[in-house]
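Given next are the chains, with one letter for each unit.
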Amino acid sequence: MKLHLLLAALFAFLVITGLTASPAKAAAIDHTDYEGKGKIEVNFDTKVTYKNLKVTVKTADGKKMKIKIVEKDDDDLTFKIKNYKAGTKYTYTIKGVYTCGESTSKKLTGKIKIPKAAGGLPLKEIEYEAKDKEVEIEFDCRVDWKNPKVTITHGSKNYVRKITEKDKDGIEVKVKKLKSGKVYHYTITGISKKGSGKWTTVSGTFRA
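Anyway, here's the lowdown on the structure attached to this text. (Residues numbered from 1 in each chain as written. Predicted model: local features only at pLDDT ≥ 70, side-chain atom pairs only at ≥ 80, totals over all residues. Heavy atoms only, no water.)

## Quick notes on the overall build of the protein chain
Broken down by element type, the protein chain carries one helix and 17 strands. Buried positions account for 33% of the 208 residues belonging to the protein chain. Summing over all exposed atoms, the protein chain offers an accessible surface of approximately 13000 Å²; the carbon and sulfur share of this is 49%. (Helix = DSSP H or I, 4+ residues; strand = E, 2+ residues; numbered from the N terminus. Buried < 20%, exposed > 50% of the residue type's maximum accessible area, 1.4 Å probe, protein only. Areas by Shrake-Rupley, 256 points an atom, 1.4 Å probe, with all protein chains shown as cover.)

Printed below as a string of C-alpha coordinates:
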(Lines give C-alpha, C1' and ligand atoms only; values in the text may rest on other atoms or scores of the structure.)
Protein backbone atom coordinates (compact mmCIF):
# COMPACT_ATOMS: atom_id res chain seq x y z
CA MET A 1 0.00 0.00 0.00
CA LYS A 2 2.79 2.39 0.85
CA LEU A 3 4.57 1.53 -2.42
CA HIS A 4 1.39 2.31 -4.34
CA LEU A 5 1.09 5.71 -2.69
CA LEU A 6 4.76 6.42 -3.34
CA LEU A 7 4.42 5.64 -7.06
CA ALA A 8 1.31 7.83 -7.30
CA ALA A 9 3.11 10.71 -5.63
CA LEU A 10 6.12 10.29 -7.95
CA PHE A 11 3.89 10.37 -11.03
CA ALA A 12 2.13 13.51 -9.80
CA PHE A 13 5.52 15.13 -9.21
CA LEU A 14 6.66 14.32 -12.76
CA VAL A 15 3.49 15.81 -14.25
CA ILE A 16 3.77 18.98 -12.19
CA THR A 17 7.45 19.54 -12.98
CA GLY A 18 6.96 18.84 -16.71
CA LEU A 19 9.44 15.95 -16.73
CA THR A 20 6.96 13.79 -18.65
CA ALA A 21 7.53 15.81 -21.83
CA SER A 22 5.84 14.47 -24.95
CA PRO A 23 7.99 13.37 -27.90
CA ALA A 24 9.08 16.08 -30.35
CA LYS A 25 6.97 16.38 -33.50
CA ALA A 26 8.30 15.08 -36.80
CA ALA A 27 10.08 17.60 -39.02
CA ALA A 28 7.92 19.42 -41.57
CA ILE A 29 8.59 21.69 -44.55
CA ASP A 30 8.49 25.38 -43.70
CA HIS A 31 9.00 26.76 -47.23
CA THR A 32 10.70 26.01 -50.55
CA ASP A 33 12.84 28.41 -52.63
CA TYR A 34 14.12 28.25 -56.20
CA GLU A 35 17.82 29.16 -56.14
CA GLY A 36 18.41 29.26 -59.90
CA LYS A 37 20.03 26.85 -62.38
CA GLY A 38 17.71 24.03 -61.28
CA LYS A 39 18.63 24.24 -57.59
CA ILE A 40 15.84 23.86 -55.01
CA GLU A 41 16.25 24.75 -51.32
CA VAL A 42 13.81 23.10 -48.90
CA ASN A 43 13.65 24.77 -45.47
CA PHE A 44 12.45 22.78 -42.44
CA ASP A 45 10.53 24.05 -39.41
CA THR A 46 13.03 22.61 -36.91
CA LYS A 47 16.62 21.43 -36.59
CA VAL A 48 17.08 18.11 -38.38
CA THR A 49 19.42 15.18 -38.96
CA TYR A 50 19.54 12.77 -41.90
CA LYS A 51 19.61 8.99 -42.25
CA ASN A 52 19.27 7.10 -45.55
CA LEU A 53 18.24 10.33 -47.23
CA LYS A 54 16.33 9.93 -50.49
CA VAL A 55 14.89 12.69 -52.72
CA THR A 56 12.53 11.95 -55.62
CA VAL A 57 11.34 14.57 -58.13
CA LYS A 58 8.56 14.05 -60.69
CA THR A 59 6.72 16.10 -63.31
CA ALA A 60 2.95 16.50 -63.31
CA ASP A 61 2.61 13.49 -65.66
CA GLY A 62 4.73 11.29 -63.38
CA LYS A 63 8.07 11.46 -65.18
CA LYS A 64 10.91 10.92 -62.72
CA MET A 65 13.74 13.47 -62.93
CA LYS A 66 17.41 12.91 -62.18
CA ILE A 67 18.59 14.97 -59.22
CA LYS A 68 21.75 15.66 -57.27
CA ILE A 69 21.85 16.52 -53.56
CA VAL A 70 23.95 19.68 -53.29
CA GLU A 71 23.97 20.46 -49.57
CA LYS A 72 22.55 19.09 -46.31
CA ASP A 73 22.27 21.63 -43.49
CA ASP A 74 20.72 21.36 -40.03
CA ASP A 75 17.61 23.25 -41.11
CA ASP A 76 17.53 23.07 -44.91
CA LEU A 77 18.33 20.79 -47.84
CA THR A 78 19.40 21.81 -51.34
CA PHE A 79 19.12 19.57 -54.41
CA LYS A 80 19.47 20.19 -58.14
CA ILE A 81 17.08 18.98 -60.83
CA LYS A 82 19.04 17.88 -63.90
CA ASN A 83 17.74 18.78 -67.37
CA TYR A 84 14.93 20.86 -65.88
CA LYS A 85 12.55 22.90 -68.04
CA ALA A 86 11.56 26.49 -67.35
CA GLY A 87 7.85 27.01 -66.70
CA THR A 88 7.43 23.46 -65.34
CA LYS A 89 5.97 22.49 -61.97
CA TYR A 90 7.68 19.65 -60.10
CA THR A 91 6.61 17.56 -57.12
CA TYR A 92 9.33 16.37 -54.75
CA THR A 93 9.35 13.71 -52.05
CA ILE A 94 11.95 13.51 -49.26
CA LYS A 95 12.58 10.52 -46.99
CA GLY A 96 15.10 10.20 -44.17
CA VAL A 97 14.76 13.58 -42.43
CA TYR A 98 14.53 13.46 -38.62
CA THR A 99 13.91 16.02 -35.93
CA CYS A 100 17.14 16.23 -33.89
CA GLY A 101 17.12 13.59 -31.17
CA GLU A 102 14.21 11.63 -32.62
CA SER A 103 14.28 8.17 -34.18
CA THR A 104 11.14 8.38 -36.32
CA SER A 105 10.38 10.45 -39.41
CA LYS A 106 7.66 10.89 -42.01
CA LYS A 107 7.69 11.29 -45.77
CA LEU A 108 7.74 14.95 -46.79
CA THR A 109 6.27 16.25 -50.04
CA GLY A 110 6.14 19.65 -51.73
CA LYS A 111 5.86 21.43 -55.07
CA ILE A 112 8.00 24.01 -56.85
CA LYS A 113 7.54 25.77 -60.18
CA ILE A 114 10.61 26.89 -62.10
CA PRO A 115 9.86 30.30 -63.67
CA LYS A 116 9.35 30.64 -67.41
CA ALA A 117 12.02 32.04 -69.66
CA ALA A 118 11.37 35.67 -70.61
CA GLY A 119 12.42 36.88 -74.06
CA GLY A 120 14.83 33.97 -74.38
CA LEU A 121 16.40 34.66 -70.97
CA PRO A 122 15.75 32.17 -68.14
CA LEU A 123 14.02 33.90 -65.24
CA LYS A 124 14.94 33.15 -61.61
CA GLU A 125 12.37 35.16 -59.66
CA ILE A 126 10.42 38.41 -59.36
CA GLU A 127 9.99 39.82 -55.88
CA TYR A 128 7.94 42.79 -54.71
CA GLU A 129 9.13 44.37 -51.45
CA ALA A 130 6.04 46.20 -50.24
CA LYS A 131 7.82 47.99 -47.39
CA ASP A 132 10.36 49.65 -49.73
CA LYS A 133 8.05 49.75 -52.77
CA GLU A 134 10.65 48.01 -54.92
CA VAL A 135 10.44 45.23 -57.50
CA GLU A 136 13.50 43.04 -58.10
CA ILE A 137 13.68 40.96 -61.29
CA GLU A 138 16.41 38.29 -61.30
CA PHE A 139 17.53 36.15 -64.24
CA ASP A 140 18.98 32.65 -64.16
CA CYS A 141 21.98 33.76 -66.23
CA ARG A 142 24.37 36.72 -66.49
CA VAL A 143 23.17 39.65 -68.55
CA ASP A 144 24.41 42.87 -70.19
CA TRP A 145 22.59 46.20 -70.19
CA LYS A 146 22.29 48.99 -72.79
CA ASN A 147 20.13 51.98 -71.79
CA PRO A 148 17.52 49.72 -70.16
CA LYS A 149 13.95 50.81 -69.60
CA VAL A 150 11.43 49.03 -67.34
CA THR A 151 7.65 49.32 -67.22
CA ILE A 152 5.32 47.60 -64.76
CA THR A 153 1.69 48.05 -65.67
CA HIS A 154 -1.85 47.08 -64.77
CA GLY A 155 -4.15 48.26 -67.49
CA SER A 156 -2.77 51.51 -68.91
CA LYS A 157 -1.04 52.68 -65.73
CA ASN A 158 2.77 52.40 -65.41
CA TYR A 159 3.90 51.98 -61.79
CA VAL A 160 7.67 52.35 -62.27
CA ARG A 161 9.24 55.49 -60.78
CA LYS A 162 12.91 54.79 -61.59
CA ILE A 163 15.59 52.10 -61.94
CA THR A 164 17.50 51.95 -58.64
CA GLU A 165 20.03 49.21 -59.42
CA LYS A 166 21.13 46.88 -62.20
CA ASP A 167 23.80 44.20 -61.94
CA LYS A 168 25.12 41.07 -63.62
CA ASP A 169 21.92 39.05 -63.19
CA GLY A 170 19.04 41.40 -62.46
CA ILE A 171 17.48 44.82 -62.12
CA GLU A 172 15.66 46.64 -59.32
CA VAL A 173 13.09 49.41 -59.74
CA LYS A 174 11.28 51.79 -57.42
CA VAL A 175 7.52 51.66 -57.94
CA LYS A 176 4.28 53.22 -56.82
CA LYS A 177 2.42 51.08 -54.30
CA LEU A 178 1.26 47.76 -55.77
CA LYS A 179 -1.82 45.95 -54.53
CA SER A 180 -1.15 42.60 -52.86
CA GLY A 181 -2.51 39.68 -54.88
CA LYS A 182 -2.97 41.67 -58.08
CA VAL A 183 -1.23 40.56 -61.32
CA TYR A 184 1.05 43.07 -63.08
CA HIS A 185 2.75 43.03 -66.49
CA TYR A 186 6.43 43.91 -66.83
CA THR A 187 8.57 44.83 -69.85
CA ILE A 188 12.35 45.33 -69.93
CA THR A 189 14.24 46.72 -72.93
CA GLY A 190 17.98 47.02 -73.52
CA ILE A 191 19.01 43.62 -72.15
CA SER A 192 20.95 40.67 -73.59
CA LYS A 193 22.50 37.44 -72.39
CA LYS A 194 26.06 38.28 -71.35
CA GLY A 195 28.46 38.29 -74.30
CA SER A 196 25.81 37.56 -76.94
CA GLY A 197 25.41 41.15 -78.19
CA LYS A 198 21.79 40.34 -79.10
CA TRP A 199 19.73 43.07 -77.50
CA THR A 200 16.17 42.09 -76.76
CA THR A 201 12.97 42.94 -74.89
CA VAL A 202 11.72 40.63 -72.17
CA SER A 203 8.21 40.65 -70.73
CA GLY A 204 5.86 38.66 -68.56
CA THR A 205 3.57 38.86 -65.55
CA PHE A 206 3.92 38.49 -61.78
CA ARG A 207 1.67 38.64 -58.73
CA ALA A 208 2.48 41.29 -56.12
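## Topic: the environment of Glu 127
Inspection of the secondary structure puts Glu 127 in strand 10 (residues 121-129). You can call Glu 127 partly exposed: its relative accessible area is 36%. Between the C-alpha atom of Glu 127 and that of Arg 207, which follows or precedes it by 80 residues, the distance is 8.9 Å.

## Structural notes on the nonpolar core
Val 135, Phe 139, Ile 152 and Ile 188 are the most contacted members of the largest nonpolar core, which totals 24 residues. Every element with two or more residues in this core is listed here: strand 10, strand 11 (134-139), strand 12 (143-154), strand 15 (170-175), strand 16 (183-193) and strand 17 (200-207). Ignoring anything within four residues of it in the chain, the contact list for Ile 188 reads Ile 137, Phe 139, Trp 145, Lys 149, Val 150, Ile 171, Thr 200, Thr 201 and Val 202. One finds Ala 27, Tyr 34, Ile 40 and Val 48 within the second-largest nonpolar core, a separate group that totals 19 residues. (Core = buried A, V, L, I, M, F, W, Y, C linked by side-chain atoms within 4.5 Å. Contact = heavy atoms within 4.5 Å.)

## Examining the side chain of Thr 99
Among the structural elements, Thr 99 can be located in strand 7 (residues 89-99). With relative accessibility at 7%, the residue Thr 99 sits in the buried group. A distance of 3.0 Å separates a polar atom in the side chain of Thr 99 from the backbone nitrogen of Ala 27. (Polar contact = N/O pair within 3.5 Å; in protein donor to acceptor, adjacent residues only side chain to side chain.)

## Details of the sheet that holds strand 1 (residues 29-36)
What the four strands build is an open sheet, ordered 1-2-6-5; its pairing is antiparallel. Single-partner strands in this sheet number two, and they are strand 1 and strand 5 (67-72). Between one strand and the next, the sheet's axes are offset by a mean angle of 20°, whatever the strand orientation. Two strands pair when backbone bridges link them, and strand 5 and strand 6 (residues 76-81) are joined in this way by five bridges, in the antiparallel orientation. (Pairing = 2+ DSSP bridges. Axes fitted to C-alpha atoms, helices over the stretch in contact; angles between N-to-C directions.)

## Here's the deal with the pairing of strand 6
Note on strand geometry: in a regular strand, side chains alternate between the two faces of the sheet. Among the six residues in strand 6, five count as buried, and that is most of the element. Hairpin connection between strand 5 and strand 6: a loop of three residues separates the two successive antiparallel strands.

## Describing the sheet that holds strand 9 (residues 117-118)
Read across the sheet, five strands follow the order 9-10-11-15-14 without closing on themselves; strand pairing throughout is antiparallel. Of all the strands in the sheet, the pair left with one neighbour each is strand 9 and strand 14 (160-167). Taken together, the six bridges between strand 14 and strand 15 define a ladder with antiparallel strand orientation. Bridge pairing in strand 15 links Glu 165 to Glu 172.

## Some words on a positive patch on the surface
On the surface, a cluster of positive charge is contributed by Lys 37, Lys 39, Lys 66, Lys 68, Lys 80, Lys 82, Arg 142, Lys 168 and Lys 193. With respect to the secondary-structure elements, Lys 82 resides in the loop between strand 6 and strand 7. Since its relative accessible area comes to 40%, Lys 82 is described here as partly exposed. (Patch = residues over 30% accessible without salt bridge, like charges linked within 9 Å, V, L, I, M, F, W, Y side chains within 5 Å. Salt bridge = Lys/Arg side-chain N within 4 Å of Asp/Glu carboxyl O. Lys, Arg positive; Asp, Glu negative; His and termini not counted. Charge placed at Lys NZ, Arg CZ, Asp CG, Glu CD.)

## A look at the environment of Ile 81
With respect to the helices, strands and loops of the structure, Ile 81 is situated in strand 6. The buried category is assigned to Ile 81, whose relative accessible area is 1%. Spatially, the C-alpha atom of Ile 81 lies 6.2 Å from that of Lys 66, the residues being 15 residues apart in sequence.

## Regarding the pattern of salt bridges
In this structure the tally under the stated criterion is two salt bridges. Lys 194 is the partner of Asp 144 in a salt bridge, and the nearest nitrogen-oxygen pair spans 3.5 Å. Here the residue Asp 144 occupies a position in strand 12, and Lys 194 occupies one in the loop between strand 16 and strand 17, the gap between them amounting to 50 residues.

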